[in-house]
Amino acid sequence: MLDLAALTKLLAHPRKIVITTHHKPDGDAMGSSLGLYNYLIQQGHHAKVITPTDYPDFLAWLPGNGDVMIYTDHTEEAAAIVAEAELIFCLDFNTLSRINELGELVRASSAVKIMIDHHLEPEDFDDYRHWDINACATAQLVYDFIVNELHNKALINKDVATCLYTGIMTDSASFRLPNTTSAVHRIAADLIDLGAVNWRIHELVYSNSSESRLRFLGYCLSEKLEVLHEFNTAIISVTKQELEKYDVVTGDTEGIVNYALSITGIRLAAFIVGRTDMVKLSLRSRGEFPANEICKKYFNGGGHRNAAGGTSTDSLDEVINQFKLILPEYKKLLIQ
Ligand code: 5GP
Ligand code: MN
């Protein structure tokens with residue numbers, strides 16, 4: 001383990017730095033990574049954001065996006081950059097399995113590894129950790145790291161502020177979730193003062209749908225929504241063929257599960273999708289219901305109490321059935 005003084009000393013000279021984040025990066029993954037990137041490059045560091053996979057187009061406007069390397073598109077080049085890195089920042093994830101093949105490269109690297117994250121149960125692979133499960137977003141922790149640990153608020157320029165605001169806005173579901181404390185609003189206000197144009201960021205992220213995405217959403221809501229009143233649970237499931245029919249691309253399915261959860265009385269919502277090589281589940285819940293427990297116990301996954309995910313190699317129909325068979329175990333929590 002490294003202490004803050006040692007890390008500060010390391011960062012006092014230009015370093016070769018890799019920043020990486022979880023596969024299928026979301027707004028917080030990209031916002032926190034590019035926020036940190038835009039901070040580090042001002043100090044002369046050679047920083048590179050490497051994502052394990054591609055990410056939605058509605059994040060491609062983020063400052064610094066042009067310099068992001070997608071591992072699956074540049075495996076050899078990315079592996080060489082990871083091997084040469086002196087520091088590796090691991091943002092918005094805490095187990096190396098969340099970054100696919102990159103995980104073993106990071107594990108094998110002799111670089112100093114810094115974890116900045118807000119998920120439960122971190123794996124022990126890091127040398128320095130800025131971790132808080134109460135943070136609404138990793139971007140909030142990156143802000144805290146820069147301001148309160150590195151004491152370098154002066155380097156939060158418009159680009160850094162824009163990226164961090166995006167991370168906080170998306171992971172708090174537009175300042176809606178219970179972890180959106182007054183402190184989060186103060187940070188958001190600060191980021192606006194530092195150059196983040198809040199209304200424009202909202203527009204770029206949320207009013208940036210393709211026509212086919214909107215039609216796909218309509219189809220999911222009118223044809224694919226199943227409400228299990230007995231368990232206060234709603235499921236939306238889609239097949240691989242349906243994804244193809246609607247030209248669904250990365251990011252298009254994001255947020256659909258929240259519509260199922262928005263039905264009055266519903267405490268658990270599942271979006272279950274048949275992808276090419278596996279079935280992916282996204283669960284959302286209200287209050288004390290532990291969506292992450294179901295994902296961890298039954299679907300090789302995990303996450304937060306109210307937002308979790310997992311995968312299965314069984315068929316889509318089997319996974320839907322398995323999910324339904326689990327509900328009686330949680331009936332008390334679901335109907336209280
Ligand atoms: P989503 O439903 O948006 O894919 O994921 C919601 C949250 O669940 C993510 O922020 C992440 O914390 C967690 N999550 C999603 N998929 C997985 C997974 O396969 N494994 C683990 N450990 N967590 C996941
Ligand atoms: Mn996050």
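Everything below is about the structure shown above.
Attention here is on the structure that accompanies the text. (Residues numbered from 1 in each chain as written. Chains lettered and ligands numbered in written order. Predicted model: local features only at pLDDT ≥ 70, side-chain atom pairs only at ≥ 80, totals over all residues. Heavy atoms only, no water.)

Moving on: the site of ligand 1. Surrounding ligand 1, one finds 13 residues, the nearest of these being His119, Lys280, Ser282, Arg284 and Ala308. One of the side-chain nitrogen or oxygen atoms of histidine 119 is found 2.9 Å away from an oxygen atom of ligand 1. A distance of 3.2 Å separates an oxygen atom of ligand 1 from a polar backbone atom of glycine 309. Relative to its unbound accessible area of 490 Å², ligand 1 is 76% covered by the protein chains. Among the secondary structure elements, those contributing two or more residues to the shell around ligand 1 are strand 10 (279-285), strand 11 (302-303) and strand 12 (307-312). Of the residues forming the shell around ligand 1, the biggest block, four residues, is contributed by strand 12. (Near = heavy atom within 4 Å. Polar contact = N/O pair within 3.5 Å; in protein donor to acceptor, adjacent residues only side chain to side chain. Areas by Shrake-Rupley, 256 points an atom, 1.4 Å probe, with all protein chains shown as cover. Helix = DSSP H or I, 4+ residues; strand = E, 2+ residues; numbered from the N terminus.)

Moving on, we get to the coordination of the manganese ion (ligand 2). Coordination of the manganese ion (ligand 2) by the protein involves Asp28 (OD), Asp92 (OD), His118 (NE2) and Asp171 (OD), with metal-donor separations of 2.2 to 2.4 Å. Sequence spacing of the donor residues for the manganese ion (ligand 2), all on one chain, is D-x63-D-x25-H-x52-D. Within this pair, whereas aspartate 28 is found in helix 2 (residues 27-40), its partner histidine 118 is found in the loop between strand 5 (112-117) and strand 6 (128-131), the two being separated by 90 residues in sequence. For the pair shown, aspartate 28 and histidine 118 are each scored as buried. (Donors = N, O, S within 2.8 Å, 3.2 Å for Na, K, Ca; no water. Buried < 20%, exposed > 50% of the residue type's maximum accessible area, 1.4 Å probe, protein only.)

Now for helix 8 (residues 198-206). Among all positions in helix 8, only Ile201, Leu204 and Val205 are buried. Down the axis, helix 8 shows its buried residues gathered within 95° of arc, on one side only. Looking at the packing, one finds that the buried side of helix 8 touches helix 6 (158-171). (Arc of directions from axis to C-beta. Contact = heavy atoms within 4.5 Å.)

What follows is about helix 13 (residues 316-326). Of the positions making up helix 13, those classed as buried are Leu316, Val319, Ile320, Phe323 and Ile326. Projected onto a plane normal to the axis of helix 13, the buried residues spread over an arc of 125° and lie on a single side. Exposed side of helix 13, more than 90 degrees from the buried face: Asp317 and Leu325 are the residues found there. Contacts made by the buried residues of helix 13 are with strand 8 (233-238), strand 9 (268-274), strand 10, helix 12 (291-298) and strand 12.

With that settled, consider a nonpolar patch on the surface. On the surface, a nonpolar cluster with roughly 250 Å² of combined accessible area is contributed by Leu120, Trp131 and Ile133. Locating tryptophan 131 in the fold gives a position in strand 6. For tryptophan 131, a relative accessible area of 35% corresponds to the partly exposed category. (Patch = residues over 30% accessible without salt bridge, like charges linked within 9 Å, V, L, I, M, F, W, Y side chains within 5 Å. Salt bridge = Lys/Arg side-chain N within 4 Å of Asp/Glu carboxyl O.)

The next subject is the packing of helix 2 against helix 6. Helix 6 packs onto helix 2 with a crossing angle of 160° between their chain directions and a minimal axis gap of 7 Å. Relative to helix 6, the element helix 2 is oriented roughly antiparallel. You can see that helix 2 and helix 6 cross each other, and the crossing is left-handed. Of helix 6, the residues touching helix 2 (which contributes Gly27, Asp28, Gly31, Ser32, Leu34, Gly35, Asn38 and Tyr39) are Asp159, Val160, Cys163, Leu164, Thr166, Gly167, Thr170 and Asp171. For the contact of helix 2 with helix 6, the residue count by class is five nonpolar, eight polar and three charged. (Axes fitted to C-alpha atoms, helices over the stretch in contact; angles between N-to-C directions. Parallel < 35°, antiparallel > 145°, perpendicular 65-115°, else oblique. Left-handed = near helix turned anticlockwise from the far one by under 90°. Nonpolar A, V, L, I, M, F, W, Y, C, P; charged D, E, K, R; others polar.)

As a further point, take the pattern of salt bridges. Summed over all chains, the structure comprises 17 salt bridges. Residues glutamate 104 and arginine 107 are paired through a salt bridge, measuring 3.2 Å at the closest nitrogen-oxygen approach. Taken together, the residues glutamate 104 and arginine 107, both in helix 4 (residues 102-108) and three residues apart, mark about one turn of the helix. For arginine 107, a relative accessible area of 41% translates into the label partly exposed. One salt bridge connects glutamate 244 with lysine 240, and the closest N-O pair in it is separated by 3.3 Å. A residue pair is termed a helical-turn pair when its members lie 3 or 4 positions apart in one helix, as glutamate 244 and lysine 240 do in helix 10 (residues 240-245) at four residues. Classification of glutamate 244 by relative accessible area gives partly exposed; the value is 48%. Residue lysine 240 is classed as partly exposed on the basis of its relative accessible area of 29%. Three or more residues are tied together by salt bridges with common partners; here these are Glu104, Arg107 and Glu123.

A separate point is the pairing of strand 10. The buried fraction of strand 10 is high, at five of seven residues. Two strands pair when backbone bridges link them, and strand 9 and strand 10 are joined in this way by seven bridges, in the antiparallel orientation. What sits directly across from valine 273, in strand 10, is lysine 280. Note: strand 10 against strand 12, six bridges, orientation antiparallel. Along strand 12, the bridge assignment pairs lysine 280 with threonine 311. (Pairing = 2+ DSSP bridges.)

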